Amino acid sequence: MVARHSDMMQIAAPVQRAQVENLYVEAMVLADEAHAAFAAQRDLGDIRRDGLMQISLACESLKTTTRLMHVIAWLLHRRAMMAGDPGAGPNDSAARIGEPVAADWDVCAGFEASVRRIIAASERLFERIAGLEAGWDAPQAATPVQRLLAQLEARL
């Protein structure tokens, strides 16, 4: 027996809400760190003397920013859905995290460690969100208590 989706959502809602809020804070902090790290690498690093590295840094900065904005959009959409916003539905484009935009680690090897750390953290955060989405959307098996309640409900 598979638990009813609405029952599972009611049980999971407080946990999911807390996860979304914590991940949102993490994503916003990471976005601020990314902005500062890429700006510092661009303005203060040895990259200023190498045109190809400047372009590479700009491309990886854009990929990282895009990755983080997808994560933040997904989290904001989930917040809106949990709040019951009628404009936020499970079939909206923001309801799906989509495909990741992978970093080019051969290029990233030339960046400072702080920039590489942020790029890697943004990829891990994206993967965590994708895993959450897959887990939340998967049908949940009924717990023994839910099965007993369903049997009682059927008899009444």
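About the criteria used
- Residues numbered from 1 in each chain as written.
- Predicted model: local features only at pLDDT ≥ 70, side-chain atom pairs only at ≥ 80, totals over all residues.
- Heavy atoms only, no water.
- Helix = DSSP H or I, 4+ residues; strand = E, 2+ residues; numbered from the N terminus.
- Buried < 20%, exposed > 50% of the residue type's maximum accessible area, 1.4 Å probe, protein only.
- Contact = heavy atoms within 4.5 Å.
- Areas by Shrake-Rupley, 256 points an atom, 1.4 Å probe, with all protein chains shown as cover.
- Phe/Tyr/Trp six-rings, centres within 6.5 Å; stacked < 30°, edge-to-face > 60°.
- Lys NZ or Arg CZ within 6 Å of the ring centre and 35° of its normal.
- Salt bridge = Lys/Arg side-chain N within 4 Å of Asp/Glu carboxyl O.
- Patch = residues over 30% accessible without salt bridge, like charges linked within 9 Å, V, L, I, M, F, W, Y side chains within 5 Å.
- pLDDT = per-residue confidence, 0-100.
- Core = buried A, V, L, I, M, F, W, Y, C linked by side-chain atoms within 4.5 Å.

1. Some thoughts on the overall build of the protein chain
(1) Moving on: Along the protein chain, the regular secondary structure elements total 5 helices and 0 strands.
(2) Moving on: Counted from the first residue to the last, the protein chain has its helices and strands arranged as α-α-α-α-α.
(3) Moving on: Sorting the 156 residues of the protein chain into buried and exposed places 34% on the buried side.
(4) Moving on: For the protein chain, the proportion of contacts with a sequence separation of at least 24, taken over those separated by at least 6, is 74%.
(5) Moving on: Within the structure as shown, the protein chain displays about 9600 Å² of accessible surface, and the carbon and sulfur contribution to it stands at 60%.

2. Side note on the packing of aromatic side chains
(1) Moving on: Counted under the stated rule, the structure contains 0 aromatic pairs.
(2) Moving on: Taking NZ or CZ as reference, Arg79 lies 4.4 Å from the ring centre of Tyr24, over its face.

3. Here we look at the pattern of salt bridges
(1) Moving on: Tallied over the entire structure, the rule returns 5 salt bridges.
(2) Moving on: Where Glu21 meets Arg79, a salt bridge forms, and the shortest distance between an N and an O atom there is 2.9 Å. Pair noted here: Glu21 is in helix H1 (residues 5-44) and Arg79 is in helix H2 (residues 51-82), with a separation of 58 residues, a long-range link.
(3) Moving on: For Arg79, a relative accessible area of 29% gives the class partly exposed.
(4) Moving on: A salt bridge links Glu33 to Arg117; its shortest N-O distance comes to 3.7 Å. Here the residue Glu33 occupies a position in helix H1, and Arg117 occupies one in helix H4 (residues 113-137), the gap between them amounting to 84 residues.
(5) Moving on: When its relative accessible area of 44% is taken as the criterion, Arg117 is described as partly exposed.

4. Regarding a nonpolar patch on the surface
(1) Moving on: Residues Val145, Leu149 and Leu152 make up a contiguous nonpolar surface patch of about 300 Å² in total accessible area.
(2) Moving on: Here Leu152 is to be found in helix H5 (residues 144-155).
(3) Moving on: Owing to a relative accessible area of 48%, Leu152 belongs among the partly exposed residues under this scheme.

5. Here's the deal with the confidence of the model for the protein chain
(1) Moving on: Confidence in the prediction of the protein chain, expressed as mean pLDDT, is 86, and 88% of residues score 70 or more.
(2) Moving on: Throughout residues 1-9 the model reports pLDDT below 50, and contacts reaching past four residues in sequence, or to other chains, amount to 16 contacts.

6. Focus on the nonpolar core
It is characteristic of soluble globular proteins that their nonpolar side chains tend to be buried jointly.
(1) Moving on: Ranked by size, the top nonpolar core spans 30 residues in total, and within it Val71, Leu75, Phe111, Val115, Ile119, Leu125 and Ile129 carry the most contacts.
(2) Moving on: At the level of secondary structure, the elements contributing two or more residues to this core comprise H1, H2 and H4.
(3) Moving on: Setting aside anything within four residues of it in sequence, one finds Phe111 in contact with Gln41, Ile47, Met53, Ser56, Leu57, Glu60, Arg116 and Ile119.

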